[in-house]
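Examination of the molecular architecture
Spelled out, the chains give:
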There are 4 protein chains.
Amino acid sequence: MTDTSLRRMPGFGSDNVAGVSPAILQALAAVNDSPAPSYGADEVSARVEARLSALFEREVAVLLVSTGTAANALSLAVLTPPWGAVLCHAESHVENDECGAPEFFTGGAKLVHVPGDRALIDPEALAKEAAYGRGDVHRVQPACVSITQASELGTLYSLEHIRAIGAVCREAGLGLHMDGSRFANAVAALGASPAELTWKAGVDILSFGATKNGAMGVDAIVLFDKAKADELALRRKRAGHLSSKMRFLAAQMEAYLEGDLWLANARHANAMAARLAAGLKAIPGVEPQGKVEANMLFVRLPQNMIDGLLAQGFRFYTGRWDERVARLVTSFATTEEDVDLLLEAALRLA
Amino acid sequence: MTDTSLRRMPGFGSDNVAGVSPAILQALAAVNDSPAPSYGADEVSARVEARLSALFEREVAVLLVSTGTAANALSLAVLTPPWGAVLCHAESHVENDECGAPEFFTGGAKLVHVPGDRALIDPEALAKEAAYGRGDVHRVQPACVSITQASELGTLYSLEHIRAIGAVCREAGLGLHMDGSRFANAVAALGASPAELTWKAGVDILSFGATKNGAMGVDAIVLFDKAKADELALRRKRAGHLSSKMRFLAAQMEAYLEGDLWLANARHANAMAARLAAGLKAIPGVEPQGKVEANMLFVRLPQNMIDGLLAQGFRFYTGRWDERVARLVTSFATTEEDVDLLLEAALRLA
Amino acid sequence: MTDTSLRRMPGFGSDNVAGVSPAILQALAAVNDSPAPSYGADEVSARVEARLSALFEREVAVLLVSTGTAANALSLAVLTPPWGAVLCHAESHVENDECGAPEFFTGGAKLVHVPGDRALIDPEALAKEAAYGRGDVHRVQPACVSITQASELGTLYSLEHIRAIGAVCREAGLGLHMDGSRFANAVAALGASPAELTWKAGVDILSFGATKNGAMGVDAIVLFDKAKADELALRRKRAGHLSSKMRFLAAQMEAYLEGDLWLANARHANAMAARLAAGLKAIPGVEPQGKVEANMLFVRLPQNMIDGLLAQGFRFYTGRWDERVARLVTSFATTEEDVDLLLEAALRLA
Amino acid sequence: MTDTSLRRMPGFGSDNVAGVSPAILQALAAVNDSPAPSYGADEVSARVEARLSALFEREVAVLLVSTGTAANALSLAVLTPPWGAVLCHAESHVENDECGAPEFFTGGAKLVHVPGDRALIDPEALAKEAAYGRGDVHRVQPACVSITQASELGTLYSLEHIRAIGAVCREAGLGLHMDGSRFANAVAALGASPAELTWKAGVDILSFGATKNGAMGVDAIVLFDKAKADELALRRKRAGHLSSKMRFLAAQMEAYLEGDLWLANARHANAMAARLAAGLKAIPGVEPQGKVEANMLFVRLPQNMIDGLLAQGFRFYTGRWDERVARLVTSFATTEEDVDLLLEAALRLA
């Protein structure tokens, strides 16, 4: 922990090792000039709701929280009763990386896995699972679906894919939640509009992530149907996620949206992932694992290359996927130099 | 909401309408220069734990969260099983102002009221309640006590009072939690050391508040017995309160402790409350309600004075206490000018 | 525990020390002659629902469970969200004697006390509490009311009293639950019809008790609005309260209703309480505490009389109320001889 | 529902369509002769605990409940914290047939699937899953294992198999629960002693089922380590599973144990399954699915045979397993005539 030279090497472990976009940091100072009503009754919070309504081409209700886990778990809690099933992929963040937050917030709902390639739910498999156990008092009742965009493997739901899932949900009467902690990376890559990729395709609630993409600590729960806003506000308070000085969360989000910083940051991160992928592909012994769609890539590396890179202070994860497969994540803060530094080091180890 | 001239008048509604201490804001920028490990594995977080250990004269475990409600509810969750009773005053924040967060985090424990003057638990009444229902399977089992320092009425537990409560807890085998969202104001007023006012008097867990006293959004859960730290870490994650970019919470806390900013801020807030109280006392028709111990005061005002002050844009609460009783809260950001402005306006309305 | 001569003395501790009405025991054997569909799909269960619909002069949904605590907690769970307040008397069974079952089943709702004489909620106090905190995100939201008929002090809500409470609930949009574990005793005493005393006065859900009044272990949740029946069925299963061999619960209930056994049993219990009260009143040193309305009475006794009666093997509770106040409960199984035995013993000790 | 001639045909749908063993029914009447202390303080309850201690060759704590779902969910609740993982087979009753009762009782623990043939957990796969995520705050923590004996497919864990699982649990510090709703059938088939098949092999808590094997509605939670008894007693009350007239549950259990009725009933049920299997095997077109180990068998039948048997009023399940696979369950009440009736009908349809 103490060898700080190591700590300064580029980190590809996650996009959350990056700091904060300068514009967002400045926005905090800008709202600090006078007292303001607390708990979200301030003007910045109101502007953020208006701004997200404009972005999504529809009046939305917005609840800001400080973590993506809170955004996801609160969203699911208004979409399922305690005896409901939340249909999700086995590789999803809500299933694997939140220490049971969905179960806690929902009062004990069950996360049921729906298969699909590349960590993306298959609509036909979903339709089957959506019908299972309906009306049978011995079984949890299918209540909602949660999809991750971009997924935990860095893959993307295409517009058509989301529409197909939305259609299944409508047919079966299930709510549809999108975990968009990397929504910006998905929008940047897919080209479709935020509205098309969400409510127009059937999404009811979006966790609109900012933290991983340049904010300090704020994600927005975007309700396309405002009817659940009151319940969600009570659930947020009860979970300790109603910030008293809410304007400082709102200011982050406002700056994130201003001038499409969110998209610029995501495009940059995606570009850095593409640069990294292209470079690695050219290195002998490196085996890419699937194509790179957003800001995350998986490569199988020779063991000595893994060991050497880590020893030099580069940071990334291995061991959770197939043997010798490494995950590399880029962020808004990743520079071309960072990428090239890694590529050169890898080449030397090849 | 749109008449901003009104909004710029001094706010005495709560200490959370204030912004952020400049030094704390600057600290955010200072930790933004390089990537850092996420989820609290950063160096700033480690320094904060060391610093709080020094402040409390003992090795403590520290978990940072972004709201006081989260700090309180998580603390109680490790001190009571779901079938436990949390003994607290009927006027406490955990009972009245958290939308049932303690019930949510504990899995449904029951908050049981213990009487006492001035929103402070009476040790004798506590001893009686602590024995009630023990071993009776039909009743929730007394599990812990929560005291608020300073209280929701701005009153303080003296050192002896805390010791008396601590003794009851030890005797009865109950955990003792202190909701210290205004702990700084209490320490500033009482003169005793943080260690004396907490673990030396029997407190097991402290919600060490910073948000109300100059931070942007961070409170520390301070565990005087580190044995519960692992459980608490899991509960924090599960509740969506593990910030990925934790260093920005840690940086606030570090700046808050640096050079005893926390005490300086609190002393100032207390002094402003004293100035306000002294001024109001001299105005005809104003009836002080109890003495002022920290940064909060209650006064009965003539109705026309209440109406007039609110009409001029001053902000404070009435209606929740006795007739025509107003609560006025000062903060680190309250200036002498703010106080005098209110006093002059009140005098004109007398 | 082993001196069985003591055990055979009349027990006035509770109506649940009595055994089972002979007709109910016989009914168990009667449904044991052939296999039957499980989980309530049997014919007896269907007949019970029809029979209770007839009794209450309206089509009701009926869910049988084996304990009164389950009936109450499940009923409340469909009337309040986790962030709701259940308004009840401080002396109610749901508050004091169920080890937090309402909190468990509701996901952490808060039981809020409404005052009123003789353990009966005061409608005006209720109206005030029903309005408190509405729409304030910091507070639990008033969701439903629970009244106990007969109350834990053996007192009764008159028809007008229930109507007044029902009116407050309708006005405030609150659900109304009646804990009727001693509903039979109330109906027997009040003379009004079951329909008048419940849904016609505004009650939404009734815990229709049978266990305390001659059954072995069955209470019915009676839903006057069938809309919640599906949710309740899922909650019942999830709570482990869906009996596989449900016909044996249904058979108890059918026998309980047959020929108005339920009323006959309750009338007898009430009569025994009246006999006991009349007899005690005539004994020097015995001070009746309030009038006797159902099958429960409270009397202040000389200490030597308390000690003497307990020493002789009589069973009743003291210590939970005012000094030297004893609670005596009669049941369907209490005989005139039982009563007279106690009276004679008390007289000898006077 | 009304053609009662159909209803009288032998039911092979489940062992819970059977009624109650005559000796158990008689035992209810036998304890109805006098008042008795409520809530389990009666003599019969004490005798049952002693009797089960003798049966298991060790002092055990016993808590009686009225359903198997309650027995399982309460057992798991004392073996896992809310953020724990309960490792179980995907085909287990706790996962599939209890509407999320384990999640409800545990406060939201996660049921994690461990693979294995024939619905039996594979010890090696278990060891791997037991190590997964340990100490990682983002993941639920492996806390306990639940195995079903006999399984939902009627298969059995051999003594060695249980020992292997017990060894993994000890090694990994996990609690071990056995869902023994058909424990009697397993003991009858395996020949080993109850002690060998449970605590001697590492089982901490057993759901000792009686309801499916001749009782009216009682299962025992058997704690081999009594340390959790107090917590479990509070959880039972809080869940509405503490019967006031507990002696009637205890009387069932006492009669069930008396003269080894439980084993006699199970042996008979197993023998009927064997007879049924042998007969079906000889019928053209019938394809047995695996060997028959306890009181349940699976056979693939021609569609016309399925249709014909159901039309004649025989009862069994299809549709939940592979195509045209039927599950047939026998019970203590199944007669040779019942079996032969089915065999003759099937032969006519072959």
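Residues numbered from 1 in each chain as written. Chains lettered and ligands numbered in written order. Predicted model: local features only at pLDDT ≥ 70, side-chain atom pairs only at ≥ 80, totals over all residues. Heavy atoms only, no water.

Per an unreviewed UniProt entry, chain A goes by L-threonine aldolase and derives from Ancylobacter novellus. As recorded by UniProt, the Cofactor (unreviewed entry) comment attached to chain A reads in full: "pyridoxal 5'-phosphate". Word for word, the UniProt comment on chain A under Sequence similarities (unreviewed entry) is "Belongs to the threonine aldolase family." (UniProt positions renumbered as here; feature names shortened; annotations may be inferred.)

Right, let's get into the overall build of chain A. Helix and strand content of chain A: 14 helices and 11 strands. The C-alpha extent of chain A, read off along each of the three principal axes, is 60 × 55 × 35 Å. Sorting the 350 residues of chain A into buried and exposed places 64% on the buried side. Contacts in chain A between residues at least 24 apart in sequence constitute 75% of all its contacts with a sequence separation of at least 6. If you sum the accessible surface of chain A, you get close to 12,000 Å²; carbon and sulfur atoms cover 51% of it. Here chain A contributes 33 positive and 41 negative side-chain charges, whose respective centroids are spaced 2 Å apart. (Helix = DSSP H or I, 4+ residues; strand = E, 2+ residues; numbered from the N terminus. Buried < 20%, exposed > 50% of the residue type's maximum accessible area, 1.4 Å probe, protein only. Contact = heavy atoms within 4.5 Å. Areas by Shrake-Rupley, 256 points an atom, 1.4 Å probe, with all protein chains shown as cover. Lys, Arg positive; Asp, Glu negative; His and termini not counted. Charge placed at Lys NZ, Arg CZ, Asp CG, Glu CD.)

Contact with chain A, which involves 48 residues of that partner, is made by 48 residues of chain B. Of the roughly 4,300 Å² buried between chain A and chain B on both sides combined, carbon and sulfur atoms contribute 53%. On inspection of chain A and its partner chain B, the count reaches 34 residue pairs in polar contact (both at pLDDT 80 or more). Put simply, the parts of the chain that give the side of chain A that touches chain B at least two residues each are α1 (4-7), α2 (22-30), α4 (68-77), α6 (101-106), α10 (229-238) and α11 (247-257) of chain A. The element that contributes the greatest number of residues to the side of chain A that touches chain B is α6 of chain A, accounting for four residues. Class assignment of the residues belonging to the side of chain A that touches chain B gives a composition of 23 nonpolar, 15 polar and 10 charged. (Buried area = accessible area lost by both parts, 1.4 Å probe. Polar contact = N/O pair within 3.5 Å; in protein donor to acceptor, adjacent residues only side chain to side chain. Nonpolar A, V, L, I, M, F, W, Y, C, P; charged D, E, K, R; others polar.)

Let us now look at the side chain of Asp97 of chain D. With respect to the secondary-structure elements, Asp97 of chain D resides in the loop between α5 (93-96) and α6 (101-106). Of note is the side chain of Asp97 of chain D, whose polar atom sits 2.8 Å from the side chain of Arg320 of chain D. Apart from the residues lying within four places of it in its own chain, the contact partners of Asp97 of chain D are His138 of chain A, Lys237 of chain C together with Glu152 and Arg320 of chain D.

Structural alignment of chain A on chain B gives an RMSD of 0.0 Å, achieved by rotating through 180 degrees and translating 0.0 Å along the axis. As the rotation angle and translation indicate, the two copies are arranged about a two-fold axis. The position closest to the rotation axis in chain A is occupied by the C-alpha of Ala239 of chain A, lying 3.5 Å away. Take the interface residues of chain A: 100% of them recur as interface residues in chain B, which is what a same-surface contact looks like. (Least-squares fit on C-alpha atoms with pLDDT ≥ 70 in both.)

Attention now moves to the side chain of Asn295 of chain B. All names here are of chain B. As for its position among the elements, Asn295 is in the loop between β8 (287-288) and β9 (296-300). From its side chain, Asn295 meets the backbone oxygen of Thr330 in a polar contact 2.9 Å long. Every residue in contact with Asn295, bar those within four places of it in the chain, is listed here: Asp15, Arg182, Asn185, Ala269, Asn270, Ala273, Leu328, Val329 and Thr330.

Moving on to the interface of chain B and chain C. Interface size, as often reported, equals the accessible area lost upon joining of the parts. Contact with chain B, which involves 18 residues of that partner, is made by 18 residues of chain C. Where chain B abuts chain C, roughly 1,400 Å² becomes buried across the two surfaces, and 42% of that area is made up of carbon and sulfur atoms. The largest contributions to the chain B side of the interface with chain C come from Cys99, Lys110 and His138 of chain B, which together make up 36% of the buried area. Taken together, chain B and chain C are joined by four salt bridges. Among the salt bridges present, the one from Glu103 of chain B reaches Lys110 of chain C, with a minimum N-O distance of 2.6 Å. (Salt bridge = Lys/Arg side-chain N within 4 Å of Asp/Glu carboxyl O.)

Moving on: the domain arrangement of chain A. Residue and element names in this part refer to chain A. Each assigned domain of chain A is listed with its residue range as follows: domain 1 (10-19 + 261-349) and domain 2 (22-259). Between domain 1 and domain 2, the C-alpha centre-to-centre distance is 27 Å. Residue-level contacts link 19 residues of domain 1 with 31 residues of domain 2. Regarding the contact of domain 1 and domain 2, the summed buried area is about 2,000 Å², with carbon and sulfur atoms giving 55% of it. Per-residue buried area on domain 1 facing domain 2 is highest for Leu261, Trp262 and Glu293; these three make up 39% of the total on that side. For the pair domain 1 and domain 2, the number of links is three salt bridges. Of the charged contacts in the structure, one is a salt bridge between Arg320 and Asp97, with a shortest N-O distance of 2.9 Å. The tally of links from domain 1 across to domain 2 stands at 10 residue pairs in polar contact (both at pLDDT 80 or more). (Domains from an automatic or database assignment.)

Turning to the relation of the copies chain B and chain C, a few remarks are in order. Its rotation angle being 180 degrees, the transformation that places chain B on chain C also includes 0.0 Å of axial translation and leaves an RMSD of 0.0 Å. Interface overlap between copies is the fraction of interface residues in one copy that are interface residues in the other; for chain B against chain C it reaches 100%, indicating a shared surface.

Attention shifts here to the packing of aromatic side chains. In the structure shown here, the tally under the stated rule is 42 aromatic pairs over all chains. The structure contains a cluster of three or more aromatic residues connected by ring pairs, namely Phe56, Phe183, Phe208, Phe224, Tyr256 and Trp262 of chain A. Over the face of the ring belonging to Trp199 of chain D we find Arg58 of chain D, whose NZ or CZ atom lies 4.6 Å from the ring centre. (Phe/Tyr/Trp six-rings, centres within 6.5 Å; stacked < 30°, edge-to-face > 60°. Lys NZ or Arg CZ within 6 Å of the ring centre and 35° of its normal.)

With that out of the way, let us pick up the sheet that holds strand β4 (residues 141-148) of chain D. All names here are of chain D. Strand order in the open sheet formed by seven strands is β1-β7-β6-β5-β4-β2-β3, and the pairing between neighbours is mixed. Two strands close off the open sheet at either side, each with one partner strand: β1 (61-65) and β3 (110-113). With strand direction ignored, the average angle separating the axes of adjacent strands in the sheet is 25 degrees. Alignment of strand β2 (residues 84-88) against β4, held across four bridges, turns out to be parallel. Within β4, the residue paired with Gly84 across the bridge is Gln141. (Pairing = 2+ DSSP bridges. Axes fitted to C-alpha atoms, helices over the stretch in contact; angles between N-to-C directions.)

Residues and elements named next belong to chain A. With their axes 8 Å apart at the nearest point, helix α9 (residues 183-190) and helix α12 (residues 261-281) run at an angle of 75 degrees to one another. Relative to α12, the element α9 is oriented roughly perpendicular. Of the residues in α12, those in contact with Phe183, Ala184, Asn185, Val187, Ala188 and Ala189 of α9 are Trp262, Leu263, Ala266, Arg267, Ala269 and Asn270. Taken together, the residues that form the contact of α9 with α12 break down as nine nonpolar, two polar and one charged. (Parallel < 35°, antiparallel > 145°, perpendicular 65-115°, else oblique.)

In terms of residue burial, helix α4 (residues 68-77) of chain D counts as a mostly covered element, since nine of its 10 residues are buried. Residues of α4 of chain D that are buried include every one of Thr69, Ala70, Ala71, Asn72, Ala73, Leu74, Ser75, Leu76 and Ala77 of chain D, and no others.

Mapped onto the present numbering, the UniProt feature "domain: Aromatic amino acid beta-eliminating lyase/threonine aldolase" (unreviewed entry) falls at residues 12-300 of chain A. In this annotation, residues 12-300 of chain A is assigned 40% helix and 16% strand; the end-to-end C-alpha distance for the span is 15 Å.

Before going further, it helps to examine the sheet that holds strand β2 (residues 84-88) of chain B. Residue and element names in this part refer to chain B. Spatially, seven strands are ordered β1-β7-β6-β5-β4-β2-β3 in an open sheet, and the strand pairing comes out mixed. Whereas interior strands pair on both sides, the edge strands pair on one side only; in this sheet they are β1 (61-65) and β3 (110-113). Averaged over neighbouring strand pairs, the angle between their axes works out to 25 degrees when direction is ignored.

All names here are of chain B. In the segment running from Gln149 into Ala150, the intervening peptide bond is cis, with an omega of -10 degrees. Note that Ala150 resides in the loop between β4 (141-148) and α8 (159-172). Its identity as a non-glycine residue notwithstanding, Arg324 has a phi of 60 degrees, on the positive side. The topology assignment puts Arg324 in the loop between β10 (317-318) and β11 (325-329).

All names here are of chain A. Counting through the fold element by element, Thr80 comes out in the loop between α4 and β2 (84-88). Exposure remark for Thr80: the relative accessible area of 6% places this residue in the buried category. Along the chain, Thr80 and Gln141 lie 61 residues apart, while their C-alpha atoms are 9.0 Å from each other. The contact partners of Thr80, leaving out residues within four places of it in the chain, are Ala85, Val86, Thr106, Ala109, Ala143 and Cys144.

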